[in-house]
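The chain contents come next:
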Amino acid sequence: MIAFFTVLRHFLCLFSLILVLRYKGFKMLKNLKIGYKIHIPLIVSMVLATFVVVANSYLSVSNIQKEVLEKEKNNLSIYFEQKFLAKKQVGITNAINIANNQAVIEALRKNDRQIAIDALQKMSLIFKNNTVFRNIKIHIHDKNVHSFVRLWKLNKYGDDLSGFRKTVVSVKENEKPLVAIEIGRAGLVLRGLAPVMEGGEYLGSVEFMQGLNSISRGAKKDGIYIVTVMDKKYSN
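Here the structure is a predicted model, which is why all the values come from computation and not from measurement.

### Side note on the overall build of the protein
So, point 1. Regarding its fold elements, the protein presents 7 helices and 5 strands.
So, point 2. In the protein, the share of contacts with a sequence separation of at least 24, taken over all contacts with a separation of at least 6, comes to 53%.

### A word on the packing of aromatic side chains
So, point 1. Inspection of every chain in the model, using the stated rule, returns 1 aromatic pair.
So, point 2. Between Phe 127 and Phe 208 the ring centres are 5.8 Å apart and the planes differ by 45 degrees, which places this aromatic pair in the tilted class. Of this pair, Phe 127 sits in helix 5 (residues 113–130) while Phe 208 sits in strand 5 (residues 201–210), and the two are 81 residues apart along the sequence.

### Focus: the pattern of salt bridges
Should the charged atoms of two oppositely charged side chains come close, the side chains can pair.
So, point 1. Scanning the entire structure with this criterion turns up 5 salt bridges.
So, point 2. The salt bridge partner of Glu 198 is Arg 109, with a shortest N-O separation of 2.9 Å. Residue Glu 198 is located in strand 4 (residues 187–198), and its partner Arg 109 is located in helix 4 (residues 102–110); the two are separated by 89 residues in the primary sequence.
So, point 3. Classification of Arg 109 as partly exposed rests on a relative accessible area of 45%.
So, point 4. With a shortest N-O distance of 2.7 Å, Glu 207 and Arg 191 are connected by a salt bridge. With Glu 207 in strand 5 and Arg 191 in strand 4, this pair connects stretches of sequence that are 16 residues apart. Assigned by exposure class, Glu 207 and Arg 191 land together as buried.
So, point 5. Overlapping salt bridges, with partners in common, bring together Arg 165, Arg 191 and Glu 207 in one network.

### Let's talk about the confidence of the model for the protein
So, point 1. The predicted model of the protein has a mean per-residue pLDDT of 77, with 64% of residues at 70 or higher.
So, point 2. Of the regions scoring below 50 in pLDDT, residues 19–26 engages in 3 contacts with residues more than four places distant in sequence or in other chains.

About the thresholds
Residues numbered from 1 in each chain as written. Predicted model: local features only at pLDDT ≥ 70, side-chain atom pairs only at ≥ 80, totals over all residues. Heavy atoms only, no water. Helix = DSSP H or I, 4+ residues; strand = E, 2+ residues; numbered from the N terminus. Contact = heavy atoms within 4.5 Å. Phe/Tyr/Trp six-rings, centres within 6.5 Å; stacked < 30°, edge-to-face > 60°. Salt bridge = Lys/Arg side-chain N within 4 Å of Asp/Glu carboxyl O. Buried < 20%, exposed > 50% of the residue type's maximum accessible area, 1.4 Å probe, protein only. pLDDT = per-residue confidence, 0-100.

Pasting the structure below:
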């Protein structure tokens, strides 16, 4: 970049000199020896040629850099999308399975939290012993969009979620599973949700929650650094 502008500056200076000499009738050139009359045009030609070569080289390098950066950006996008898709599938699949668990259905039908707590704790132990999920977070919501059971915080329940948990409201309205990133009291997490149904009746919903740090940790092993940023207005 610096070399390009340096050559350009020299070229403009020489070009200005040529214009001055031309409009003054080339009086100075007439008084020069024949050797100088040959060398000056030769030097000007060499400078112009150098300018053209440097300009072409700069443009070529610039285009190559753009192509490399664009390719790298596309590769990173594909990498993240694949990892993110895998987590989404895990979230929604587990949510659907838990929503069809007979103990969870019975707990919501009977409004008996203990039935759900016992079932979820058994599931958590199975996950811990047989999968990479060591401390899973499962949240059951009742048909009124109130918290029914938080597996990671059993003493906190009954609070109304309808004011800020749009995904839970959406599952109730549409009675269909979904997966989304949403901010809640557990923070910014990937949430797989599924409705709990019995004989066509909506009893509530189940939420399987995952953090995003596993994607970052996996990417770091591949030499890729991912940073998750969030608007500070959501920090509270």
